[in-house]
Amino acid sequence: MTRGDYVRDAVAFVALTSATLLPWDSHSLLGDRSVLNTALMAACIVLSVLSLTTTYLHRSGVVPHWSTGAVMLTRAAMNVPLVLMVAVSIAIDVAGDSWIATGMGIGMALAFAGALLAAQPRQAELNDLPDPTKPARISLITARVITTVGVVITVVAFIFTISAISGDWGDYLSGRYQAAEVFTAFLFVLASIVLALPSWRASAAGGLAVVAWAGPAAAMGAVQGILYDIVPETFYIDTSQVFETTHMGAYGLTLFLVAAGALYASPGFRAATGPVEAPRMYVAAVTYLLAASAIMLGSFSITVLLSQGMNVPWWAIMVDLVTCTLIAGLFVVAAIAAVVVPTRSRIPVAVIVGVALVLGLIATAIMLAVPYVTPSRQYVIPMVAVPIIVALAVTVPAPMRRFYSEAKAARPPASGLDPHMVAAAHSPATPAEQLQWIAANVPVLRPAVAANPATYDALVQWLAALDDPAVNEALAQRQEVPVKPRASGATS
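Residues numbered from 1 in each chain as written. Predicted model: local features only at pLDDT ≥ 70, side-chain atom pairs only at ≥ 80, totals over all residues. Heavy atoms only, no water.

Visitor: Break down the overall build of the chain for me, with residues and values.
Guide: Summing up its helical and strand segments, the chain has 22 helices and 2 strands in all. Across the 492 residues that make up the chain, the buried fraction comes to 46%. Pairs at least 24 apart in sequence give 77% of the contacts found in the chain among residues at least 6 apart. Here the chain displays about 22,900 Å² of accessible surface, and carbon together with sulfur accounts for 68% of that area. (Helix = DSSP H or I, 4+ residues; strand = E, 2+ residues; numbered from the N terminus. Buried < 20%, exposed > 50% of the residue type's maximum accessible area, 1.4 Å probe, protein only. Contact = heavy atoms within 4.5 Å. Areas by Shrake-Rupley, 256 points an atom, 1.4 Å probe, with all protein chains shown as cover.)

See below:
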């Protein structure tokens, strides 16, 4: 088992067990959930938790007659009941004429994500298979199906919102607030498409960006659910933060967001997207995350303007508007830096998101001071969580540290080339390894390396394959002198 397998199993266990303590649907909120329904939910969750043990039982030799394929199939089958229960709840909510039908609580979202994560193949299992293509393909298809269903559900919620505003519900809302509700529902349609894009395009970087967003969303949703259910007299938590429905404009996409995060975190999805250079994937994921957050905050600013005057103090509206706009602008600058100068973007990006984090913390603290105003996940995650995630992404992973250090080593000093490096490129006494490094990392000195009589044959052939005019000229003038024995392989 790999370290990633242990982490994913631990996350799935926490998600499944915490789901039993959090609001599952509207009946949980109203306190009229039937004993049979509760028992069925608990049985499905217990079965999914037990499925996590199958891999360890197989690896420890308790069930040695099982093949790797049989273990994968058994574990997936044990998670089917919980997935079906969630699917039925979604269908009942869509078919009902109000949120009282069932709805979807944060507990259901975490249970759904936990079951999907538990059902996925482990990296160690894929390593054992002679051909992991088939399970990887199944993981990709599963991600495409579930995220596409999410798009359909958000479209349905958008239609229901327009229909409700056109009917009796619209009589109780001002025109500006009606526009805010429609605009928000439309944003969630766009967000659902963004969630589905990594599966449709088989993008590892896009999937990683969704995982980075889904983790804080799940954690914050769980905390809000606990505060809502256990200590409601101490903390004011808006119902829409722990419960969503396709009716009454209360659909927040949390269910499919955390589900997509679970699917994209699986080794099967990563295997289906093909090999990707780690630094390139991290830089692309950071860019996606910053761009999506900037769009989210810009849209949030529009929503704030539309809802102006709806029992929210004017100064709170101004704080929202200014901070959202400033942080969105900072994210755009950071995303541009990551794309234009990826090898030099670590410090600028870290500084920019650090400033954004300070602004986000201040704005969130101010909003918490406003009575009966709860900062939503769509507000707090880009304000606080995204800057932290981006800063960690460009500083902590070992591939990123190597990427930036190697890029820094390859850059010449600001005043010009290092005189010692120039002398080494021309000197016949320079070791072959150093000549190889200079040729690979300092293009301007390649003609000097090509003319150096100490350059070994394989490196000469590599330089000739570049078809650089200056290098070709140096090779043409190269004198035939004894060549040093080759000390290492050719640069590639």
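What follows continues from the structure just given.
Visitor: Which residues make up the nonpolar core, and what values go with them?
Guide: In terms of nonpolar packing, the biggest core is built from 91 residues, with Leu255 and Phe331 touching the most fellow members. Of all the elements, helix 6 (residues 106-119) adds the most residues to this core, at 11 residues. In this structure, Phe331 is in contact with Leu290, Ser293, Ala294, Leu297, Val353, Ala356, Pro382, Val386 and Pro387, ignoring residues within four places of it in sequence. (Core = buried A, V, L, I, M, F, W, Y, C linked by side-chain atoms within 4.5 Å.)

Visitor: Tell me about the pattern of salt bridges, and name the residues and values.
Guide: Within this structure, the stated rule accounts for 4 salt bridges. Arg122 is the partner of Asp9 in a salt bridge, and the nearest nitrogen-oxygen pair spans 2.8 Å. With Asp9 in helix 1 (residues 3-19) and Arg122 in the loop between helix 6 and helix 7 (123-128), the pair connects residues that are 113 residues apart, well separated along the chain. What makes Asp9 buried here is its relative accessible area of 5%. Where Glu125 meets Arg75, a salt bridge forms, and the shortest distance between an N and an O atom there is 2.8 Å. Placement of the pair is Glu125 in helix 7 and Arg75 in helix 5 (residues 68-95), with a sequence separation of 50 residues. Judged on exposure class, the residue Glu125 and its partner Arg75 are both buried. (Salt bridge = Lys/Arg side-chain N within 4 Å of Asp/Glu carboxyl O.)

Visitor: With reference to specific residues and values, describe helix 3 (residues 35-51).
Guide: Here helix 3 spans 24 Å end to end across 17 residues, near enough to the 24 Å set by a 1.5 Å rise per residue. Looking at the buried side of helix 3, the elements it contacts are helix 1, helix 4 (53-59), helix 5 and helix 6. (Expected span 1.5 Å × (residues − 1).)

Visitor: For a nonpolar patch on the surface, give the residues involved together with the corresponding values.
Guide: Taken together, the side chains of Phe186, Leu190, Ile193, Val194, Leu197 and Trp200 make up a nonpolar region of the molecular surface, amounting to roughly 490 Å² of accessible area. Residue position: Ile193 is located in helix 9 (residues 175-201). For Ile193, a relative accessible area of 31% corresponds to the partly exposed category. (Patch = residues over 30% accessible without salt bridge, like charges linked within 9 Å, V, L, I, M, F, W, Y side chains within 5 Å.)

Visitor: Explain helix 21 (residues 457-465) to me, using residue names and the numbers behind them.
Guide: Of the residues making up helix 21, those classed as buried are Ala458, Leu459, Val460, Trp462 and Leu463. On its buried face, helix 21 is in contact with helix 19 (432-441), helix 20 (446-451) and helix 22 (469-476). Just past helix 21, the residue Asp467 takes up positive phi, approximately 55 degrees.

Visitor: Can you explain the packing of aromatic side chains? Please cite residues and give values.
Guide: Per the counting criterion, the structure on display carries 3 aromatic pairs. On the basis of an interplanar angle of 25 degrees and a centroid distance of 6.1 Å, the ring pair of Tyr6 and Tyr56 is categorised as stacked. A residue pair is termed long-range when its members are at least 10 positions apart, and Tyr6 in helix 1 and Tyr56 in helix 4 qualify at 50 residues. Since its relative accessible area comes to 44%, Tyr6 is described here as partly exposed. The class for Tyr56 is partly exposed, based on a relative accessible area of 29%. A centroid spacing of 4.8 Å and a plane angle of 45 degrees characterise the contact between Tyr264 and Phe269, whose relative ring orientation is tilted. Each member of the pair, Tyr264 as well as Phe269, is classed as buried. (Phe/Tyr/Trp six-rings, centres within 6.5 Å; stacked < 30°, edge-to-face > 60°.)

Visitor: Tell me about the packing of helix 18 (residues 419-426) against helix 19, and name the residues and values.
Guide: The N-to-C vectors of helix 18 and helix 19 enclose an angle of 115 degrees; their axes lie 10 Å apart at closest approach. When the interaxial angle is binned, helix 18 and helix 19 end up roughly perpendicular. In this structure, the crossing between helix 18 and helix 19 has a hand that is left-handed. Touching Met421, Ala424 and Ala425 of helix 18 are Gln434, Leu435, Trp437 and Ile438, all from helix 19. Of the residues in the contact of helix 18 with helix 19, the class split is 6 nonpolar, 1 polar and no charged. (Axes fitted to C-alpha atoms, helices over the stretch in contact; angles between N-to-C directions. Parallel < 35°, antiparallel > 145°, perpendicular 65-115°, else oblique. Left-handed = near helix turned anticlockwise from the far one by under 90°. Nonpolar A, V, L, I, M, F, W, Y, C, P; charged D, E, K, R; others polar.)

Visitor: Summarise the environment of Phe158; cite the residues concerned and give the values.
Guide: Inspection of the secondary structure puts Phe158 in helix 8 (residues 133-166). For the pair Phe158 and Phe183, spaced 25 residues apart in the sequence, the C-alpha separation amounts to 9.2 Å. Dropping the residues within four chain positions of it, Phe158 is found in contact with Val182, Ala185, Phe186 and Val189.

Visitor: So what's going on with the packing of helix 1 against helix 3? Residues and values would help.
Guide: For any two helices packed against each other, the geometry is given by the interaxial angle and the distance between the axes. Packing of helix 1 against helix 3 leaves a shortest axis separation of 10 Å and a crossing angle of 165 degrees. Accordingly, the angle class assigned to the pair helix 1 and helix 3 is roughly antiparallel. Here helix 1 runs over helix 3; the crossing is left-handed. Contacts between helix 1 and helix 3 pair Phe13, Leu16, Thr17 and Ala19 from the former with Ile45, Ser48 and Val49 from the latter. For the contact of helix 1 with helix 3, a count of residues per class yields 5 nonpolar, 2 polar and no charged.

Visitor: Describe the confidence of the model for the chain, with residues and values.
Guide: Here the chain shows a mean pLDDT of 81. Residues at 70 or above account for 84%. When mean pLDDT is taken per element in the chain, helix 6 scores highest with 92 and helix 2 (residues 26-30) scores lowest with 63. Here residues 480-492 scores under 50 on pLDDT; set against residues more than four positions off or in separate chains, the count is 31 contacts. (pLDDT = per-residue confidence, 0-100.)

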